[in-house]
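Tertiary structure, described
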Amino acid sequence: MKKIFLTLKTILILAFINSFVFAEISIPSPSTTALNQIASSMSSSVTNDTQSIEDSGNATASLIDSAELSIGIKKAAEKNGLQINTEAATILASLDASDTETMAAAIASMETNISHLSDDYVQAITPDTIVYDSEWQTLTKVTGGDLEYTDSNDVFNASSPPQARSKVYVNFKDQTIFADVFTKITRAAGAGGQGAEKNFEIESDWRTGTASVAAALNTDPPQPIVATEDQRIGTGWGSHGAPFGADDASSKFSTMKKTTELLQDACTAAACGVGNYWTVKQNHIEEYNNDINDTSSFGSIYFYGKFTTASEGSDGFGTMAMEGGHTANGADEQTFVESIERYEGTFTLVGKAAE
């Protein structure tokens, strides 16, 4: 029954978006891709258990109101001159805030549509800024799955799971987005990097760079907004970007694992420069290895976050995750990848006008 209600919600928003059109807004025609994404993201947790009509009604009560969401998207698009990504809007309308598993899968299926601005861009919080605050979230350990995350507790202290908070600042008028991110990490005994034996507790925070959600700078229509962030968190030196892949918005990976045996690709020479430290995959292994007996390791923690929202009047939704590996000195790539521990959380961020 729940799956049927989800499908009906999807059909309703597609119909509403296509019928409620402002003349000056260009709206992509819907395709089956969005429906396939939703079906795929929802399939892992849908059961065939017999449920009463009352239970089904309660389950769908937490779904986003498709009609209300559509009106909000349309109004924001008209007001701020934004184009609508119908597929992303459809996925967003399918979210069930009571089911974190399917919500996480749906968010993961949404394509990033931001473009980072120059580091010299002056960030500002104005009366037009909407602040989406996740509050502090305690992340949950992930084991097994398609990528076979380990159930070991060599990196993170199992009795004190990592915590994270994000405050996302979106200005629909200026079409910009940035965030403040806060993390609290307690390492397992014997975990960390150089000098980490004296630093089991790590608290870190940073402000991301500003990104544009303007259609002129992006391939995909910018509404709903879908943004990502990654970071390497260390002991004593704060946090810095995590340059996997091409070190841009398209290469912010939700996990360090490319497969069950391979790490994500190192930064390309074209992006980071020939001979750059981050073009060597072994250096990424040393960066995130948390065995204090390995004197060449740095004991960093990999952080990933993803955020999406439809308009000024709607909530935001996000995912945050942390990972780290723990292997002996000289371990090969597969051994390191198999040692990666992961914690993650998915949640709602309530948007409020900046004060």
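So, a few notes on the structure that sits alongside this text.

Parameters at a glance
Residues numbered from 1 in each chain as written. Predicted model: local features only at pLDDT ≥ 70, side-chain atom pairs only at ≥ 80, totals over all residues. Heavy atoms only, no water. Buried < 20%, exposed > 50% of the residue type's maximum accessible area, 1.4 Å probe, protein only. Helix = DSSP H or I, 4+ residues; strand = E, 2+ residues; numbered from the N terminus. Contact = heavy atoms within 4.5 Å. Phe/Tyr/Trp six-rings, centres within 6.5 Å; stacked < 30°, edge-to-face > 60°. Lys NZ or Arg CZ within 6 Å of the ring centre and 35° of its normal. Pairing = 2+ DSSP bridges. Salt bridge = Lys/Arg side-chain N within 4 Å of Asp/Glu carboxyl O. Polar contact = N/O pair within 3.5 Å; in protein donor to acceptor, adjacent residues only side chain to side chain. Disulfide = S-S within 2.5 Å.

It is worth spelling out helix 8 (residues 281-288) at this point. By the criterion of burial, helix 8 is predominantly enclosed, with six of the eight residues buried. Taken together, the buried positions of helix 8 are occupied by Asn 283, His 284, Ile 285, Glu 286, Glu 287 and Tyr 288. Of the surrounding secondary structure, the elements contacted by the buried residues of helix 8 are strand 9 (225-233), strand 11 (301-309), strand 12 (316-324) and helix 9 (333-338).

Below, the discussion takes up the packing of aromatic side chains. With the rule as written, the count across this model stands at nine aromatic pairs. Where Phe 244 meets Tyr 288, the ring centres are 6.1 Å apart and the plane angle is 20°; that geometry is what we call stacked. Separated by 44 residues along the polypeptide, Phe 244 in the loop between strand 10 (239-240) and helix 7 (269-272) and Tyr 288 in helix 8 bring together distant segments of the chain. Note on accessibility: Phe 244 and Tyr 288 belong to one class, buried. Ring geometry for Phe 244 against Tyr 302: centres 5.7 Å apart, planes inclined by 70°, an arrangement best described as edge-to-face. Of this pair, Phe 244 sits in the loop between strand 10 and helix 7 while Tyr 302 sits in strand 11, and the two are 58 residues apart along the sequence. For the pair Phe 244 and Tyr 302, one class covers both residues: buried. Members of the aromatic cluster, each reached through a chain of ring pairs, are Phe 244, Tyr 288 and Tyr 302. Directly above the ring of Trp 136 sits Lys 184, whose terminal nitrogen or CZ lies 4.4 Å from the centroid.

Looking now at the pairing of strand 11. Most of strand 11 is tucked away: nine of the nine residues are buried. Taking every second residue as pointing to the same face, both faces of strand 11 are buried, with Ile 301, Phe 303, Gly 305, Phe 307 and Thr 309 on one and Tyr 302, Tyr 304, Lys 306 and Thr 308 on the other. Sheet topology note: the strand 11/strand 12 ladder contains eight bridges and is antiparallel. Counterpart to Phe 303 in the pairing with strand 12 is Met 322. Where strand 11 folds back onto strand 12 in an antiparallel hairpin, the turn is made up of six residues.

A word on unusual backbone geometry. Here Glu 148, not a glycine, exhibits a phi torsion of approximately 55°, which is positive. Tracing the chain through its elements places Glu 148 in the loop between strand 4 (140-142) and strand 5 (163-171). The phi angle at Gln 175 is positive, at roughly 60°, despite the residue not being glycine. Tracing the chain through its elements places Gln 175 in the loop between strand 5 and strand 6 (176-186). Overall, the relative accessible area of 14% leaves Gln 175 in the buried class.

Before going further, it helps to examine the pattern of salt bridges. One pass over the structure, following the stated rule, counts 11 salt bridges. Across the salt bridge formed by Glu 333 and Lys 281, the nearest N and O atoms sit 3.0 Å from each other. With Glu 333 in helix 9 and Lys 281 in helix 8, this pair connects stretches of sequence that are 52 residues apart. With relative accessibility at 22%, the residue Glu 333 sits in the partly exposed group. Assessed through its relative accessible area of 22%, Lys 281 is described here as partly exposed.

Attention shifts here to helix 6 (residues 100-108). Within helix 6 the residues assigned to the buried category are Thr 102, Met 103, Ala 104, Ala 106 and Ile 107. Measuring from the side-chain oxygen of the N-cap residue of helix 6 to the backbone nitrogen of Glu 101 gives 3.2 Å; that N-cap residue is Asp 99.

Here we take up the state of the cysteines. Enumeration according to the criterion identifies one disulfide in this entry. Covalent S-S linkage joins Cys 267 and Cys 272, the inter-sulfur distance amounting to 1.9 Å. Here the disulfide of Cys 267 and Cys 272 is right-handed, its torsion about the S-S bond being about 90°. Taken as a pair, Cys 267 and Cys 272 share a single burial class, namely buried.

Shape is all these values report; function is a separate question.
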